[in-house]
Amino acid sequence: MDKIRELALPISGRVIVISDIHGEIRLFKELLKKVEFSSDDYLIINGDLCEKGGNSKEVVRYVMELTAANPKVHVIEGNCDALVEHLLNENPKLLDYLAARGNTLIGEWLEEIGYQLNEHSTIQEVKEVLLRHYRKELEWLTNLPTAIETDRYIFVHAGLEDREDWKETDRSKALTMPSFLEKSHRAGKFVVVGHWPVVNYSTDIPSDNPIINEAKKIIAIDGGNVIKPTGQLNAFIIERSAEGDSFSHLYVDKLLARAVTKNFVAEEAMKGSINYPFYTIVPVEKADFFTLCRQPETDKLLHVKNEYIIQNENGDFTIKADVSCAQISVSKGEIVSVIDEGCAGYALIKKGGKAGWIPTECLG
Ligand SMILES: [Mn+2]
């Protein structure tokens with residue numbers, strides 16, 4: 001990769017890292033408020049400002065304003081931000097992408113200026129129109145660094161290749177490699193990434209909270225905002241000090257909060273989750289609310305909520321959405337967020353970033 005920026009961080013103060021905003025301007029502003037972001041803080045946006053969510057152009061505009069007004073705000077590119085290169089390189093496939101996808105930055109821009117895509121539109125014409133109106137934004141996006149290197153951290157969207165010299169990582173790998181936490185690197189510093197929703201790494205109770213792996217020196221922070229039904233937008237907070245940095249996080253999501261009305265103790269056996277890419281299940285034993293299923297690719301036994309099990313045309317079983325198979329203990333008065341209360345007997349809730357089932361009666 002060529003676009004690497006070096007950044008000298010002071011030895012005290014906060015560094016706030018947020019990734020994968022994906023067009024969620026409201027959540028992003030809410031999160032900045034929640035962490036009490038001020039001009040004393042460094043803010044690193046770890047890629048994927050746009051696509052998937054409903055207001056990509058506003059996120060790009062707002063983050064451009066933030067960087068212009070505050071020299072401590074830094075942004076790296078994600079694979080979704082790099083899509084504008086297809087426009088500038090006049091890749092005709094971009095037109096198919098725009099036709100197939102609902103929420104895209106380029107689609108929002110075209111709508112804003114009242115340009116209708118039709119069968120006669122050419123990529124050259126779309127490029128010309130957009131360069132006329134959004135030259136500044138396009139230049140800003142294409143000039144974003146792929147990685148930022150500091151004393152103790154490397155910030156990159158998806159990951160680094162396991163090479164003697166991490167800077168030789170192929171740029172497209174840095175932007176798109178899947179499940180970096182299952183890989184390794186030799187950069188000698190903490191590598192902070194987004195891109196891969198951390199809930200995909202869950203083993204016990206599924207969680208959208210950032211994962212810090214000290215041994216691998218990897219910090220994965222993508223809370224699955226927009227992508228996952230339980231998704232959240234995480235702020236990973238690095239508190240700097242000469243003796244060593246300390247880590248914490250805060251998050252926001254779109255779920256509704258509710259007070260628990262009754263205590264509940266989770267059953268030990270109810271653990272795990274079904275997440276990308278292991279969606280195939282084989283029912284073993286059906287009960288009133290949950291069906292014990294085997295997940296052939298992992299050989300795990302999981303209790304899947306009956307309403308989430310669907311059978312496809314071949315007769316194979318799969319699930320209708322990523323789902324927790326865990327129960328969560330709650331106590332009366334506690335505030336939780338509700339993911340799904342449309343199922344029989346149990347409601348799916350989130351507490352402290354973790355998702356699981358509690359009896360519906362506990363929600364009063
Ligand atoms: Mn990404």
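Residues numbered from 1 in each chain as written. Predicted model: local features only at pLDDT ≥ 70, side-chain atom pairs only at ≥ 80, totals over all residues. Heavy atoms only, no water.

Brief notes about the overall build of the protein
A count of helical and extended segments in the protein gives seven helices and 22 strands. In terms of C-alpha radius of gyration, the protein reaches 22 Å, essentially the compact-globule figure of 21 Å for 364 residues. Taken along its principal axes, the extent of the C-alpha atoms in the protein is 60 × 60 × 40 Å. With 364 residues in all, the protein has 52% of them scored as buried. (Helix = DSSP H or I, 4+ residues; strand = E, 2+ residues; numbered from the N terminus. Rg over C-alpha atoms; globule rule 2.2 N^0.38 Å. Buried < 20%, exposed > 50% of the residue type's maximum accessible area, 1.4 Å probe, protein only.)

Focus on the coordination of the manganese ion
For a metal with four tetrahedral donors the ideal donor-metal-donor angle is 109.5 degrees, whereas six octahedral donors ideally subtend 90 or 180 degrees. Looking at the manganese ion, one finds its protein donor set to be Asp48 (OD), Asn79 (OD1), His157 (NE2) and His195 (ND1), positioned 2.1 to 2.3 Å from the metal centre. Mapped onto the sequence, the donors of the manganese ion take the spacing D-x30-N-x77-H-x37-H. Pair noted here: Asn79 is in the loop between β4 (73–75) and α3 (84–88) and His157 is in the loop between β6 (153–156) and α7 (171–176), with a separation of 78 residues, a long-range link. Residue Asn79 is classed as partly exposed on the basis of its relative accessible area, which comes to 22%. (Donors = N, O, S within 2.8 Å, 3.2 Å for Na, K, Ca; no water.)

With respect to the nonpolar core
Membership of the largest hydrophobic core comes to 47 residues, with the highest contact counts inside it found for Ile18, Phe28, Leu49, Ile106, Leu130 and Trp140. When residues of this core are assigned to their parent elements, the largest contribution, nine residues, is made by helix α6 (residues 123–142). Of all hydrophobic cores here, the second largest spans 19 residues; its members include Trp166, Met177, Leu181 and Val198. (Core = buried A, V, L, I, M, F, W, Y, C linked by side-chain atoms within 4.5 Å.)

Brief notes about unusual backbone geometry
Of all residues except glycine, most have a negative phi; of all peptide bonds, most are trans. Residues Tyr276 and Pro277 are joined by a peptide bond in cis, for which omega reads 0 degrees. Despite not being glycine, Asp48 shows a phi value in the positive range, around 65 degrees. Structurally, the position occupied by Asp48 is in the loop between β3 (42–45) and α2 (56–69). A positive phi angle is found at His195, which is not glycine, with a value near 75 degrees. Along the polypeptide, His195 turns up in the loop between β7 (190–193) and β8 (211–213). A relative accessible area of 14% places His195 in the buried class.

Here's the deal with the packing of helix α5 (residues 105–112) against α6
Between α5 and α6, whose axes approach to 11 Å, the crossing angle comes to 125 degrees. Relative to α6, α5 is oriented oblique. The crossing of α5 and α6 is right-handed. On the side of α5, the interface is formed by Leu105, Ile106, Trp109, Leu110 and Glu112, while α6 contributes Val126, Leu130, Tyr134, Glu137, Leu138 and Leu141. Split by residue class, the contact of α5 with α6 holds nine nonpolar, no polar and two charged. (Axes fitted to C-alpha atoms, helices over the stretch in contact; angles between N-to-C directions. Parallel < 35°, antiparallel > 145°, perpendicular 65-115°, else oblique. Left-handed = near helix turned anticlockwise from the far one by under 90°. Contact = heavy atoms within 4.5 Å. Nonpolar A, V, L, I, M, F, W, Y, C, P; charged D, E, K, R; others polar.)

Looking at the domain arrangement of the protein
In terms of domains, the protein is made up of domain 1 (11–78 + 144–252) and domain 2 (257–363). A straight line from the C-alpha centre of domain 1 to that of domain 2 covers 28 Å. Buried area between domain 1 and domain 2, both sides added, is near 1400 Å², and the carbon and sulfur share of it is 54%. The largest per-residue losses of area from domain 1 upon contact with domain 2 belong to Ile205, Pro206 and Thr230, which jointly make up 35% of the total buried on that side. Across the contact surface, domain 1 and domain 2 share two salt bridges. Across the pair Lys228 and Asp322 runs a salt bridge whose closest N-O atoms are separated by 2.6 Å. Our count for the domain 1 to domain 2 interface comes out at nine residue pairs in polar contact (both at pLDDT 80 or more). (Domains from an automatic or database assignment. Buried area = accessible area lost by both parts, 1.4 Å probe. Salt bridge = Lys/Arg side-chain N within 4 Å of Asp/Glu carboxyl O. Polar contact = N/O pair within 3.5 Å; in protein donor to acceptor, adjacent residues only side chain to side chain.)

Some words on the pairing of β3
Of the two faces of β3, the one lined by Tyr42 and Ile44 and the one lined by Leu43 and Ile45 are each fully buried. Both strand β2 (residues 13–18) and β3 contribute to a ladder of four bridges, which runs parallel. Bridging from a neighbouring strand, Val15 pairs with Tyr42 of β3. Following the backbone out of β2, through helix α1 (residues 25–34) and into the adjacent parallel β3, one traces a crossover that is right-handed. Here β3 pairs with β4 via three bridges, running parallel. Counted as the bridge partner of Ile45 is Val75 from β4. Following the backbone out of β3, through α2 and into the adjacent parallel β4, one traces a crossover that is right-handed. (Pairing = 2+ DSSP bridges. Right-handed = clockwise from strand over helix to strand, strands pointing away.)

Description of empty space enclosed by the protein
For the structure on display, the rule yields one cavity of 30 Å³ or more. For the largest cavity, the full set of lining residues is Cys50, Glu51, Cys80, Asp81, Leu83, Val84, Tyr97, Leu98, Thr104, Leu105, Ile106 and Leu141. Taken together, the residues of the lining of the largest cavity sort by class into nine nonpolar, one polar and two charged. (1 Å grid on protein atoms, 1.4 Å probe; cavity = no way out; pocket = protein on both sides within 12 Å on 5 of 7 lines; lining within 4 Å. Points joined across faces, edges and corners; volume = space filled by probe spheres on them.)

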